[in-house]
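Coordinate inspection notes
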Amino acid sequence: MPGVGPGGHPVAALGRTRPSRRINPTPVSEERSLSKPKTCFTSPPISCVPGGQPSVLDSSPWGQGPAAGCRSLQEEREMLRKERSKQLQQSPAPACPTPESGSPLPTRTGSLTAEPADPAKVSSRQRLELVALVYSSCIAENLVPNLFLELFFVLQLLTARRMVAAKDSDLEPSPGVLDSLESPLFQSVHDCVFFAVQVLEHQFQVLSYLDKGTLKLLAENERLLCFSPALQGRLRAAYEGSVAKVSLAMPPSVQAVSFQPETDNRANFSSDRAFHTFKKQRDVFYEVLREWEDRHEEPGWDFEKGLGSRIRAMMGQLSAACSHSHFVRLFQKQLLQMCQSPGGAGGTILGEAPDVLNMLGADKLGRLRRLHERLAAPQSSCRPCPLTSFPGCQGFFRDFILSASSFQFNQHLMDSLSLKIRELNSLVLPHPEPSDEDGESDVDWQGERRQFAVVLLSLRLLAKFLGFVAFLPYRGPEPPPTRELQDSILALRSQVPPVLDVRALLQQGLRAHRAVLTVPWLVEFLSLADQIVPMLDYYRSIFTLLLHLHRSLVLSKDGEGEMCFLNKLLLLAVLGWLFQIPTVPEDLFFVEEGQVDVFEVDTKTAEHGLDGVPVVDQHLLYTCCPYIGELRKLLASWVSGSSGRSGGFVRKITPTTTTSLGALPLRTTQGLQAQLAQAFFHNQPPSLRRTVEFVAERIGSNCVKHIKATLVADLVRQAESLLQEQLVTQRQEGGDPGQLLEILCSQLCPHGAQALTQGREFCQKKSPGAVQALLPEETPAAVLSSAENIAVGLATEKACTWLSANITALIRREVKAAVSRMLRAQGPEPAVRGDRRGCSRACEHHAPLPSHLISEIKDVLSVAVGPRDPEEGVSPEHLEQLLGQLGQTLRCRQFLCPPAEQHLAKCSVELASLLVADQIPVLGPPTQHRLERGQARRLLHMLLSLWKDDFQVPVPLQLLLSPRNVGLLADTRPREWDLLLFLLRELVEKGLMGRKEIEACLDSLHEAQWPEDFAEELATLFNLFLAEPQVPEPQLRACELVQPNRGTVLAQS
Amino acid sequence: MILTKAQYDEIAQCLVSVPPTRQSLRKLKQRFPSQSQATLLSIFSQEYQKHIKRTHAKHHTSEAIESYYQRYLDRVGKNGAAPVLLELANEVDYAPSLMARIILERFLQEHKETPPSKSVINSLLRDPSQIPDGVLANQVYQCIVNDCCYGPLVDCIKHAIGHEHEILLRDLLLEKNLSFLDEDQLRAKGYDKTPDFILQVPVAVEGHIIHWIESKASFGDECSHHAYLHDQFWSYWNRFGPGLVIYWYGFIQELDCNRERGILLKACFPTDIVTLCHGAAAP
C-alpha cells in the first residue's frame, strides 16, 4: 500500500511558515466543502489506511458529512503544491525545495519490514538541518495551528518504514544537485529520520512534558538513538525523572443520582400530580438508561427505535405536569456523574489500549480486542485530530436529547447548563500559597489540583452539551449554497442573542487570568457550533480573541508572571484541535493582523491568576486531549511492527476518584465587617478561608435542621395534643381540617420568633469548635479567634436569613402534615402506633406470631363451618392451647399490628359463637362428637379473660348477638341456651358489655325472621336475662372512650 | 429456601387447577415434605393468583355472573344449609371469596336501588353478619374461611406476616448496631419511594455495597420478582443506590442475577456483613 501523502510534507509546512513575517491565507479552493475534514495548513499526517482520511464519525445531521475521498485530497494537495511553488519562486529566502510530484514517498505500512536508517546515508544534511530549524521555530512561535499535529507528523517521519518510489526515475542523488531547490527534501528513509530527530531535538521541552509511556517509547527508539545519542540520553533522563503517569480510570459503574428530600420531596412541587409524575419519570429515565446500557452495543440495536417512543411519552407527561426543571436537574446531575471521569467518556485514552491488553493477559484478549476496536473505531483516523464525538455514556445523553425532541426540555436544559457553567466558571479555585512552596507533596495542594480537574472536566462536559443543544436547530450537513442565502441567514442569526454570553465570560477569564479554566470549556462549546456561527460578528470576535491567545502562548517563554508550561500546553492542544474542526473556517487561522487588535491578550499573569498556578498535570492534559495519546500509539506500533496491538509496558492502575465539587463559597455581604473579614483572609492561607466558609455553611445549614428537629417538632407535638383535645372534648370527628389548621397555626406561629434566638445560640455554640478542629494546631490564637468569630457570624447570618424568611411557612407546613396525619388516623381503622407497641421488659418475644394464630384460628373456623372430611375435627386440647397462645401473643405485642389484632379479636368472637352453639366438631372417640359443657365453659372463660385483659383494640362483642351467630343455635337439636346465657352474664359481670347494650342487641334480634319455635325460645332467653338483678353500669374502658367503637355507639343510640 | 428454576417448576406443575382449600394444601405438604410449609403456601398462593389473573375476566362477563347467580339461587332454594357457594366456586374453578363477592354484588344490585359501592361490599365481606340475607351471610362466611388464597382473612394474614418480618429485620439490624431510617421516617421526610430500611451508613454484603434493605415475606418467583423490580427495587436503586432484598420464604436462584448491578437477593438475614471502619484508613 503506497503512502498517500507526497513526499514534500515538511516542505508544505515550511512554505508558509517563515518566522520573519505573518502568514497570509493561501487561497486553495472557493468551493471546498466545509464538511470535509481539513488536512491542509498544517503538516498532514501520512495516511496509514487506504483512502486514509478520518473515517466518518457520525453520519447524522449534527455530525460530519462523508469524508472526502483520497482523490479529491490528492487534487487539493496538488493545488497547494503549485501555489507554494509560485510563492517560493517569488520569495528570496530561505531556499526551500519544491518536491516534484512523483518523488519518493515515506510509507508506514506495518506489513513491510522497516528499512534500517543510517545517519551516514543522509543525503543533504545541511539543507535538512536548516529546514528543521525553520520548521521548529514555526512550531515554537505557534505559527502552526496545531502543535500536536506537527509532532505527529515528525514522529511519522521517524517511524517511516521505507520509501516507496513513486516514479521509476533514478533516485540516487547526484552530488551536483544535492542542494538544489529542485531535488526532493526527503530522498530516503535516512533523510526522514534525520529531519525528524533534528526537529525533536528542538522540541525537547515539549516532549519532556509528555507522559511517561511516550517518553519511554521515544527513549527506546533505536533510530533516535542511532541519529542522536545525546537526545536519547536527555529523553531517558526525562523519562526517569518523570512522574507523569497517566492513570487508567476504572470504568465507572452507573450510579443513580440520590434522592434528596431537600430538593426532591413533595414540598418542592406545585401539586401532587407533578410530584407523582416526576416520581414515575425518574424511574422511566433509569429504566431507559439501563436498557441502553444493556443493549447499545448489540449489533443492529437502534436508540430511537428501541427507546424513542418511551422517552417521548415520558416527555409528554412531564410537559403536562410542568416538571421539566426537576427532570433537567436529574438529567444534568446524572450526566455529570456518569461522564465526568474519562472512563465515563468511554475510556477513549487511545494510547492506553495496548497496555490494557498486556495487562489483562491473553484470556481476555479477544473480548478486549473487540472493546478496543469499538473504542478506537471512531478515531481510527490515525491523526491526533478527531472530530467532536460523544463517546461512551455521553452518547446516551445525546441520543436522549435527540429522541426526546422536546422544545421545553431543551430550553430548560440550556437554562440549567448555562447556570451551572457560570457557577463553576466563577468558582473560587486555589491560589498559590506564598508560604508553602513544597508543591507536589503538599496535601492541600493535591486536593486543590484535583478540585480544579473536576471543575474543568465538568465545565467541558456541560459546555459540550450546551453547545450541542444550543446549535442543534441550526445544524445541517452543508453550508448554504449561495451567497445571498448565506447573507439572509446571517441577518437572521445575528439578531439572536447567544444562549450564554460566552464572549463576556472569555473576556473576564482573560482579564482575571483564568484562561486555563475558561478556554477549554469554551472550545468544547464552540466545537459544536454550526457552520454559520463563525461568520457571526459575535462569535467571530471570540475566535479572534482565541487566535490571539493561541499566538501568545509561546512555550519557551518562562519567567515571572508567565503562564505555567502545562497550562499553556493544554490551551495549545485544545485550541489546535478547535482550529481543525471542519465548521471552523480554514482562513480563520491566517487572518490579517489588522483585524485582531480587538482585545489585548496579556498572558502575563497577575498576582492571583489561576493561569500562573500549575493546575494542569499530564493526567488532565491527556484526559482533555486524549488524541495526544496518538503519538504514543504511533511509537508503540513502530515497536510492535503492527498497528498498535501490543508493545508498551504494564503500568499500575491508579483508579481516579471523582471528588465532589464541594460546597460553594458563601457570598459575603457588604459592609465594613465584611470588608474587614475579606482583609483578614487576604494575608492568610486560602485553606483558612475555605475552612471558615465551609464551617459557616455547614453550621448554618445544621442550625436550620436543628431548629426543625427541636423547636418545630415541639410545636408540632403541641399541635397534635391541641388537636387531640379538640377531637376528644368536642367529639368533633373530622371537623373542617382547614379551619382546625388555621386555629392551630394562629396559636403556634408566634412561637416561631424563638427560632432566631435559638439559631444564634446554636451557631455561637457550634462554630468555634469546628473551626478549631479543622485549622492547624499552630494557628495563632488571634487568627483562630478571628476565624471563629467570622465563622459564627457567617453561620448565623445564613441560618437567620433563612429562618426569618421561612420559619412561619415551615411551621404551617409541618402542622398541616401532622393534622392530616391525625385526621387520617381517626378513620374507621384506628391505627394508634407507637405508644401501644412494646411489652414488658422481661419479654423475650417468644410468643407465636400473630399471622400464625390467625391462620390457625381460621383453620378451626373453616373446619367448624365446613364442609369437612369425616376424619376432620379439632381436639379440645388444641383449642385450649390455641387460646393460651393467643394470650401470649397479645401480651408480647412485639409483632402485633392493629389490623392483625382486630382480626384476632373478631375471630375470637366467632370462635365463641361456635362454642356457644356447640358447632365445633371434636376429634376423639367416635361416640363423642361434641365438646363437653365443662370444656366449653372453660374455653369461654379463657376468651372472656382475653377480651377483658389482653386485647387493646375494641372487641366486636356485639357480633355474639348478630342474627347470623345466634342463628347457629337454630340448627342444633336439642337447643341449649345455657352457654349463651352464661356468656351474657359474664360479659356484663366483667364489664365487657353493658346491660343496655345487650338488651338493644336482643331487641334487634326480634326483627329477624326465625322459625316460630326458635323465636319463642329467644323471647324466653330475653326475659330470663332481663329478670337478672341489675348490677351497676360498668365503667367503659378507656380506649373505648377515646375511640368509641362504632358497634357500641350504634347499639347505645 | 432457594430453589432452582427446575425445582420450582416441579412444584408449580402440581398446582394446576387445584382449589385453594386447606385440603389441597395438606396434600401439597405431603407431596413435598422437604420444603417448608410457609414456602409451599407462598408458592401455592402466588401460582393461584396468577391463575386467577388469567381467568378473572371470563368470570366477570354479565352472562357468567347471571348464570352463577341463577345457579346459586336454585341450589339455596333446595338446601340453604349446603355449601352451595363454595361448591359453585370449585366447579367453575374460581376463588371462593371472589365468587362470594360476585354473588353478593349481584344480590345487592337486585335488592338495592343504587349499585353498591366497593367499600360497602368490602365491609360486608369483612363482617358477613351485616349481610341482610341470613342464608347468603352464612354462604359468604363459609367461602371466606375456606379460601386460603383470597379474602379479608387471608389479606390480614399476609399483611401480618409482612409486618412481622419487618419487625424481625428491624430487630436484627438493631442487634447488629446498624443505624437505619425506616419507612415511616422516610415518608415523614417526604421520600417518594420508601424501602423498608435505608442504612444510614452503607455496608457490604458478600462484597456488594448495600444502601437499603427490603423485606419480602413471600417466595420470590419470576412473576412477583419482576413486578417488584419494576415497581420497587429499581426505583430504590434509582434513588438510593444498590441494596438488598430478603425473600424470607426463598426465591428462584436464577433471579439473583442483578448483583453486579446493585440488587442482591437473600433468603435470610446476611451473616457476611462488612461495615465501614472509622479511622481504619489512617496510616
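Residues numbered from 1 in each chain as written. Chains lettered and ligands numbered in written order. Predicted model: local features only at pLDDT ≥ 70, side-chain atom pairs only at ≥ 80, totals over all residues. Heavy atoms only, no water.

The name given to chain B in an unreviewed UniProt entry is CDAN1-interacting nuclease 1, with the source organism recorded as Myotis brandtii.

Naming follows an unreviewed UniProt entry, where chain A appears as Codanin-1 of Myotis brandtii.

**With respect to the overall build of chain B**
Our working definition: We count a stretch as a helix when DSSP gives it H or I for four or more residues in a row; a strand needs E for two or more, and each element gets its number in order from the N terminus. For the exposure calls, accessible area comes from a 1.4 Å probe over protein chains only, and a residue counts as buried if that area is under 20% of its type's maximum, exposed if over 50%, partly exposed in between. Note on contacts: a residue pair is in contact if any heavy atoms of the two residues lie within 4.5 Å. Residues counted as positive are Lys and Arg, residues counted as negative are Asp and Glu, and His and the chain ends are not counted. The atoms used to mark charge sites are NZ of Lys, CZ of Arg, CG of Asp and CD of Glu.
When its secondary structure is counted, chain B shows eleven helices and eight strands. Per-residue burial over chain B gives 55% buried out of 283 residues. Long-range pairs, those at least 24 residues apart, make up 62% of the contacts in chain B between residues at least 6 apart in sequence. Considering chain B, the positive charge centre built from 29 side chains and the negative charge centre built from 34 side chains are found 2 Å apart.

**Quick word on the overall build of chain A**
This is how it is decided: Surface accessibility follows the Shrake-Rupley procedure with a 1.4 Å probe radius. Residue values consider only the protein chains on display as shielding.
Within chain A, the secondary structure is distributed over 40 helices and two strands. Of all intrachain contacts in chain A linking residues separated by at least 6 positions in sequence, the fraction that spans at least 24 positions is 83%. A total accessible area of about 46500 Å² is found for chain A, and carbon and sulfur atoms account for 54% of it.

**Some thoughts on the pairing of strand β7 (residues 263-266) of chain B**
For a regular strand, side-chain orientation follows a simple rule: the groups alternate between the two sheet faces. Residues and elements named next belong to chain B. Our working definition: Pairs of strands are assigned from DSSP output, requiring at least two bridges between the strands.
Side chains Ile 263 and Leu 265 project from β7 onto one buried face, and the interleaved Leu 264 and Lys 266 project onto a second face that is buried too. One ladder, built from four bridges, connects strand β5 (residues 243-247) with β7; its direction is parallel. Across the sheet, residue Leu 244 finds its bridge partner in β7, namely Leu 264.

**Quick look at the domain arrangement of chain B**
Residue and element names in this part refer to chain B. Test applied: Bear in mind that the domain bounds are from an automatic or database domain assignment. By buried area we mean the combined loss of accessible area, with a 1.4 Å probe, across both parts when two parts are placed together. Note on definitions: salt bridges are taken to be side-chain nitrogens of Lys or Arg within 4 Å of carboxyl oxygens of Asp or Glu.
You can read the domains of chain B as domain 1 (2-56), domain 2 (60-150) and domain 3 (155-274). For domain 1 versus domain 3, the distance between C-alpha centres works out to 24 Å. On the domain 3 side, the residues contacting the 14 residues of domain 1 number 13 residues. With both chains or domains summed, domain 1 and domain 3 bury close to 1200 Å², and 61% of this area falls on carbon and sulfur atoms. Of all residues in domain 1, Ile 2, Lys 5 and Gln 46 bury the most surface against domain 3, accounting for 43% of the area lost on that side. Between domain 1 and domain 3 we count two salt bridges in total.

**Side note on the nonpolar core**
Defined as follows: Think of a nonpolar core as a cluster: buried Ala, Val, Leu, Ile, Met, Phe, Trp, Tyr and Cys residues, connected wherever their side-chain atoms sit within 4.5 Å.
Grouped together as the largest cluster of nonpolar side chains are 324 residues, with contacts concentrated most on Phe 327, Phe 400 and Trp 947 of chain A. Grouped together as the second largest cluster of nonpolar side chains are 43 residues, Leu 688, Leu 784, Ala 787 and Val 819 of chain A included.

**Here's the deal with the packing of helix α11 (residues 272-295) of chain A against helix α11 (residues 222-240) of chain B**
Using the following cut-off: Every axis corresponds to a line fitted to the C-alpha atoms, with the helix fit spanning only the stretch in contact, and the corresponding angles, defined between N-to-C directions, vary from 0 to 180 degrees. The labels follow the angle: roughly parallel below 35 degrees, roughly antiparallel above 145, roughly perpendicular from 65 to 115, and oblique for the rest. The nonpolar class holds Ala, Val, Leu, Ile, Met, Phe, Trp, Tyr, Cys and Pro. Asp, Glu, Lys and Arg form the charged class, and all remaining residues, Gly among them, are polar.
Relative to each other, α11 of chain A and α11 of chain B sit at 85°, their axes nearing to 10 Å. As far as their axial angle goes, α11 of chain B and α11 of chain A are roughly perpendicular. Contacts between α11 of chain A and α11 of chain B involve Lys 279, Arg 282, Asp 283, Tyr 286, Glu 287 and Arg 290 of chain A from the first element and His 230, Trp 234, Ser 235, Trp 237, Asn 238 and Arg 239 of chain B from the second. Residues that form the contact of α11 of chain A with α11 of chain B fall into these classes: three nonpolar, three polar and six charged.

**Considerations on the pairing of β5 of chain B**
All names here are of chain B. For β5, the buried fraction is high: five of the five residues fall into the buried class. The side-chain alternation of β5 yields two buried faces, one formed by Gly 243, Val 245 and Tyr 247 and the other by Leu 244 and Ile 246. With five bridges connecting them, strand β4 (residues 208-216) and β5 associate as parallel partners. In the strand pairing of β5, Glu 214 is matched with Val 245.

**Overview of the side chain of Ser 97 of chain B**
All names here are of chain B. Operational definition: The definition of a polar contact used here is a pair of N or O atoms within 3.5 Å, where within protein one atom must be able to donate a hydrogen and the other to accept one, and adjacent residues in sequence count solely through side-chain atom pairs.
Here Ser 97 shows up in helix α6 (residues 96-111). Looking at Ser 97, the relative accessible area reads 4%, which means it is buried. Of note is the side chain of Ser 97, whose polar atom sits 3.2 Å from the backbone oxygen of Tyr 150. When sequence neighbours within four positions are dropped, the list of residues in contact with Ser 97 reads Cys 143, Ile 144, Asp 147, Tyr 150 and Gly 151.

**Observations regarding the confidence of the model for chain A**
Using the following cut-off: A residue's pLDDT is the predictor's confidence in that residue, given on a scale from 0 to 100.
Residues with a pLDDT of 70 or more make up 68% of chain A, whose mean pLDDT is 73. Note on residues 642-670 of chain A: pLDDT under 50 across the span, and 65 contacts to partners over four residues away in sequence or across chains.

**Some points on the environment of Ser 123 of chain B**
Its location among the elements puts Ser 123 of chain B in helix α7 (residues 118-126). Separated by 29 residues in sequence, Ser 123 of chain B and Pro 152 of chain B place their C-alpha atoms 9.5 Å apart.

**Some remarks on the environment of Lys 333 of chain A**
Assignment of secondary structure puts Lys 333 of chain A in helix α13 (residues 324-339). In this structure, the C-alpha to C-alpha distance between Lys 333 of chain A and Ser 258 of chain A, residues 75 residues apart in sequence, is 9.6 Å.

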